[in-house]
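# Remarks on the overall topology
Chain by chain, the residues:
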Amino acid sequence: MNITVRRDTEHGRADLVLRWKGGAVTELAVPLRRTPPRRLRTDEDTVGLIRRLAVFYPDAKIAGILNRQDRTTARGMSYTASRVQSLRHHWKIPCHQPGEQPREGELLNVTAAARQLDIAPSTLLRWLNDGFIAGEQITPGAPWRIRLTNQLRDMLTDTAPDGWVPLGYATQALGVSRQTVLQKVKRGELRAVLTRTGRRKGLRIELPQPQDSLF
């Protein structure tokens, strides 16, 4: 017996022609087994990240963070607010709910923290870049967040005490680098305040008093 097979993918079948030894011919149409389409699924890492981000950010902000990390949807597309929203609904992730009055130790974005501290966001960013104020990021590319504590509030003042000097002067007087002075302040080895207003606005540091010689 001789068998000839012709695949007809358009109609999802295979046409078979069977030629028997006696000369008889039989034609058969056999349905082809269709391969089920691959199920598209967002990777678990991205879903988990969206779950963490949704606590703090609206969908549009989350989309921007995901795009900065070069993440794409299961279909290879960039993220938009509506696509983030669709994912949240699918995975039953609650949307961001802005809080009321911030609590002690709460993490706030730079704009909100600056508003609570009554300073300009640019000033807060400068202190953050200096490493004087600690900031946190949920993930790379996410906005910096400031932990609003009473300790941070207490460091802010409208006027600096007499004799307290700017950071640049303190580095010269102590003979150390700018970063070393900031680290000493953060460790509590030097006292400092952050003045919010006037020409003396910024970090002011109390220099240690020279010790009188015993001899």
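The paragraphs below set out a description of the structure included in this document. From a predicted model like this one, the values you see are computed outputs, not experimental measurements.

### Quick notes on the sheet that holds strand β4 (residues 106-109)
The strand order β4-β6-β5 describes an open sheet built from 3 strands, whose pairing is antiparallel. Edge strands, defined here as strands with exactly one partner in the open sheet, are β4 and β5 (135-136). Across 2 bridges, β5 lies against strand β6 (residues 145-148) in antiparallel orientation. When the bridges of β6 are listed, Glu 136 appears paired with Arg 145. Strands β4 and β6 of the sheet are contacted by helix α4 (residues 110-117), whose axis makes an angle of about 110° with β4.

### Here we look at unusual backbone geometry
A positive phi is found at Asp 70, a non-glycine position, where the angle reads about 60°. Along the chain, the position of Asp 70 falls in the loop between α2 (59-68) and α3 (81-90). When its relative accessible area of 68% is taken as the criterion, Asp 70 is described as exposed. Of note, the phi angle at Asp 118 is positive, near 60°, even though the residue is not glycine. Relative to the helices and strands, Asp 118 is located in the loop between α4 and α5 (121-130). Look at Asp 118 and you get exposed, because its relative accessible area is 58%.

### What to know about the pairing of β6
In terms of strand pairing, β4 meets β6 through 4 bridges, oriented antiparallel. What sits directly across from Leu 108, in β6, is Ile 146.

The rules behind these values
Residues numbered from 1 in each chain as written. Predicted model: local features only at pLDDT ≥ 70, side-chain atom pairs only at ≥ 80, totals over all residues. Heavy atoms only, no water. Pairing = 2+ DSSP bridges. Helix = DSSP H or I, 4+ residues; strand = E, 2+ residues; numbered from the N terminus. Contact = heavy atoms within 4.5 Å. Axes fitted to C-alpha atoms, helices over the stretch in contact; angles between N-to-C directions. Buried < 20%, exposed > 50% of the residue type's maximum accessible area, 1.4 Å probe, protein only.

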